[in-house]
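Residues per chain, in single letters:
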Amino acid sequence: MIGTMILWSHALAALLFGALAFAQIRRPSGHWPHAAFMTALVMTSLWALGVAGIDARDMVTRIAAGARDIAWLAFMLALVRRDRAGNYAIGAVYCVVMALAGTAVLLAIVQRIDLGGDAVAAVGSARTVFRMMGAVSALVLIHHLYQAAPASRGGVRLVVLALAAMWGVDLIVAGTIYFEANWVSITVFGRGVVMTGVAVLLVVGVHRSGDWTLALSRPIAVRALSAVALVLYAGITALATSIAARYGGAYARIAQTAIVFGATAGVLTLVSTPWLRAWTRVKIAKHLFRHRYDYRAEWLRFTDTLGKPGIGVQSLDMRVIKAIADLTDSPGGLLLVADGASLGTGAMWNWLCAADGAQDAALARYLTHDARIIELDPVRAGSAPRDEIASIPDWVRQCPEAWAIVPLVHGGLLVGAIVLARPPVDRALDWEDFDLLRVAGRQAASYLAEDRAHAALADAARFDEFNRRFAFILHDIKNLVSQLTLVARNAERHADNPDFRADMVATLKDSSDRMTALLARLSQHGPVRGEPLQPVEVAAIVERVASVRRAQHPIVARGGTAWALGHAARLEQVLGQLVQNAVEASGVDDPILLSIEPIGDQVAIDVIDHGCGMTPGFVRDQLFRPFVSSKPAGFGIGAFEARQLVHAMGGSLEVVSREGEGTRFRVLLPAAASLEAAA
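What counts as what
Residues numbered from 1 in each chain as written. Predicted model: local features only at pLDDT ≥ 70, side-chain atom pairs only at ≥ 80, totals over all residues. Heavy atoms only, no water. Phe/Tyr/Trp six-rings, centres within 6.5 Å; stacked < 30°, edge-to-face > 60°. Helix = DSSP H or I, 4+ residues; strand = E, 2+ residues; numbered from the N terminus. Buried < 20%, exposed > 50% of the residue type's maximum accessible area, 1.4 Å probe, protein only. Pairing = 2+ DSSP bridges. Contact = heavy atoms within 4.5 Å. Axes fitted to C-alpha atoms, helices over the stretch in contact; angles between N-to-C directions. pLDDT = per-residue confidence, 0-100. Disulfide = S-S within 2.5 Å. Core = buried A, V, L, I, M, F, W, Y, C linked by side-chain atoms within 4.5 Å.

1. Things to note about the packing of aromatic side chains
Throughout the structure, instances matching the rule amount to four aromatic pairs. On the numbers, 6.0 Å between centres and 65° between planes, the contact of F37 with W72 is edge-to-face. Residue F37 is found in helix α2 (residues 32–53), and its partner W72 is found in helix α3 (residues 59–81); the two are separated by 35 residues along the sequence. An angle of 80° between the planes, with centres 5.9 Å apart, marks the rings of W72 and F75 as edge-to-face. In this pair, W72 and F75 are both assigned in helix α3, three residues apart and thus about one turn of the helix distant. With relative accessibility at 0%, the residue W72 sits in the buried group. According to the relative accessible area criterion, F75 is buried, its value standing at 0%.

Structure below.
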């Protein structure tokens, strides 16, 4: 019964594959993938017909199975090589997998030779192992082909899924034969059913996609090569242990343990040796790929290293060194920073040689003029150009680990240079290295130049802050000088008055304290940090300002107790500025009024004078502009600074002035309900 089911399932599959091949013959095409596809269809139809009409264990059927696998692998390789961007590594992988299928065919032929019972069984077991290895390797290639297939080409993906089903069921059948399961016949019947479904998928895929074009990226090719190498390792190890089990006798278990232990130790040694890994990468890139670098992957890694600080390379200088060094697998590097007309030693990353040489301008001049990458081994050998040899400092020549110098040029200016350490696998630089390092050096130079520009901008901002503070302080000093001048002038007339002498002493003490505070403000190196608002008693501050200025000019203060949110020192400074301006704008005997008035949720402090006043145009356009003043000897800073201080306290400054009648400045601050509420 099961034999009949095997016959009919494989016969149906042979019919479907043959019909599809006939349809493809009637559809002419000169493309290599199309020819390979027709060949694979014909070989699959013949194999299925052999299983149905002869037997799956017959030598002819086994040869047809191997030819079928090779034909389908050739079709897959044609999909890859159709695009000229395909690389040689993937071709080598396919050749290895085809060799596995060919080896299985050869073992099937050898198995027909009369070698004795044990030898025939060993050859049959080896053939089954090679079939499994070939199926697993083909599935790995199918997986990567599926990842590489464009989403828009649904037909290609259907074909890939059909081939995955074909080799998957082959792996199951080979596994049941190898482990001598009792249900081999059932799996063979299931293979016939699956192959029928594979034929249906191929029919649908062919009608959905007539363009057999597919391209694999370098990472997929490398992963496929690695996967095939692992499959070969596992298969060879399994074959060796199987042979040891058959011919080892009493020492079979010891031999199998030694084989597994030795193979595992060998793989771990290969994987954990940095020099061997680097050597393998170099050889693969040199002999299997059209280009040494996967430029897209290298550039993504390069920009990611520059943009994201990592462990041990937090500064931009060290990230630049690491990003350039990673391109050539260099283990370290040294940054030389442009310092005037020479290059000085900068940051280091895994640099072992001494870097304390004098700053030599010859290297800077050469790199600025030529901007070429310098390979140091020809310099040491004397085969480099004469001017290049003369430009290299002695301490660089004497460092055997120094391998190459990459200039960092931005906008025609030399930003610096990077001395790369010798990679684990020593080699000479080629044109790809020069091109990639030149472009990467320019990109890294732009990062360094931008960082230097930000630092210069920060320095300029600090100088601007210092200049702004100095302008304010200079204005305060002018006010103090005016105050002391008035005191000295009145001292000639009122020196004998005890009250005047007491006011004069208080004024001098206040002036001394204010000058000390001004010096402290001037010594601050950064911008003044904001302080939290606190309840202040406005009346006390107003009275203190009025008492200090009464020695210069008549001042009247009125208003009740009021609390506002602000800073006592800043509010006193603002009122002092406004009172000083009012004194300078008023006549000798014209009093100045300081008044306090609660207005809603605000406290208003008015400074009113009856002096010369200001025009509406001056108030609107020039009053609060720095360095603009209506007084011949004025600095134009007082009103500007007063408004900034009031805004910093969350308030506002209003002004009403009429020319010839006087001016009223009003300071509005947020009100604090009471001392208890504020507390």
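Back to the text.
2. Let's talk about the pairing of strand β1 (residues 333–339)
Relative to strand β2 (residues 342–349), β1 is paired through six bridges, and the arrangement is antiparallel. Bridge pairing in β2 places D339 opposite S342. Two strands pair when backbone bridges link them, and β1 and strand β5 (residues 413–421) are joined in this way by five bridges, in the antiparallel orientation. Residue pairing for β5: G333 is matched across the bridge by L420.

3. A look at the sheet that holds β1
Strand order in the open sheet formed by five strands is β2-β1-β5-β4-β3, with antiparallel pairing between adjacent strands. Looking at which strands have only one partner, the edges of the open sheet turn out to be β2 and β3 (374–375). Across the face of the sheet, helix α12 (residues 316–327) comes into contact with β1, β2, β4 (402–410) and β5 while running at roughly 80° to β2. The strands touched by helix α13 (residues 361–370) are β1, β2, β3, β4 and β5; relative to β2, the strand with the most contacts, the crossing angle is about 90°.

4. Here's the deal with the confidence of the model for the chain
Of the residues in the chain, 79% have a pLDDT of 70 or more, and the chain-wide mean is 79. Under a pLDDT of 50 for its full length, residues 210–216 has, in the predicted model, 33 contacts with residues more than four places off or in other chains.

5. Considering the sheet that holds strand β7 (residues 555–558)
Reading across the sheet, the five strands line up as β7-β9-β10-β12-β11 and stay open at both edges, with mixed pairing between neighbours. The sheet terminates laterally at β7 and β11 (652–658), the two strands that pair on one side only. Adjacent strand axes in the sheet meet at a mean angle of 15°, parallel and antiparallel pairs treated alike. Pairing of strand β9 (residues 592–599) with strand β10 (residues 602–609), which is carried by seven bridges, proceeds in the antiparallel orientation. If you follow L594 over to β10, its bridge partner there is V607. Of the strands in this sheet, β11 and β12 (662–670) are in contact with helix α22 (residues 638–648), which crosses β11 at around 145°.

6. What to know about the state of the cysteines
For the structure on display, the rule yields one disulfide. Covalent S-S linkage joins C353 and C399, the inter-sulfur distance amounting to 2.1 Å. Where C353 bonds to C399 through sulfur, the torsion about that S-S bond is close to 75°, and the disulfide is right-handed. Pair noted here: C353 is in the loop between β2 and α13 and C399 is in the loop between α16 (394–397) and β4, with a separation of 46 residues, a long-range link.

7. Brief notes about the nonpolar core
In terms of nonpolar packing, the biggest core is built from 48 residues, with F17, W72, L73, M76, Y94, W167 and L202 touching the most fellow members. Within the residue set of this core, elements represented by two or more residues are α1 (2–25), α2, α3, α4 (88–111), α5 (117–148), α6 (154–178) and α7 (184–208). It is α3 that provides the largest number of residues to this core, a total of 11 residues. Discounting residues that sit within four places of it in the chain, Y94 has contacts with L73, M76, L77, V80, L141 and L145. Counting 37 residues, the second-largest nonpolar core is a separate cluster that includes I541, A546, V619 and V646.

8. A few points about unusual backbone geometry
In this structure, D329 takes a positive phi of about 60° despite not being glycine. With respect to the helices, strands and loops of the structure, D329 is situated in the loop between α12 and β1. Classification of D329 as partly exposed rests on a relative accessible area of 33%.

9. Things to note about the environment of V206
For V206, the location among the structural elements is in helix α7. Put simply, V206 and Q24 are 182 residues apart on the chain and 9.2 Å apart in space, counted from C-alpha to C-alpha.

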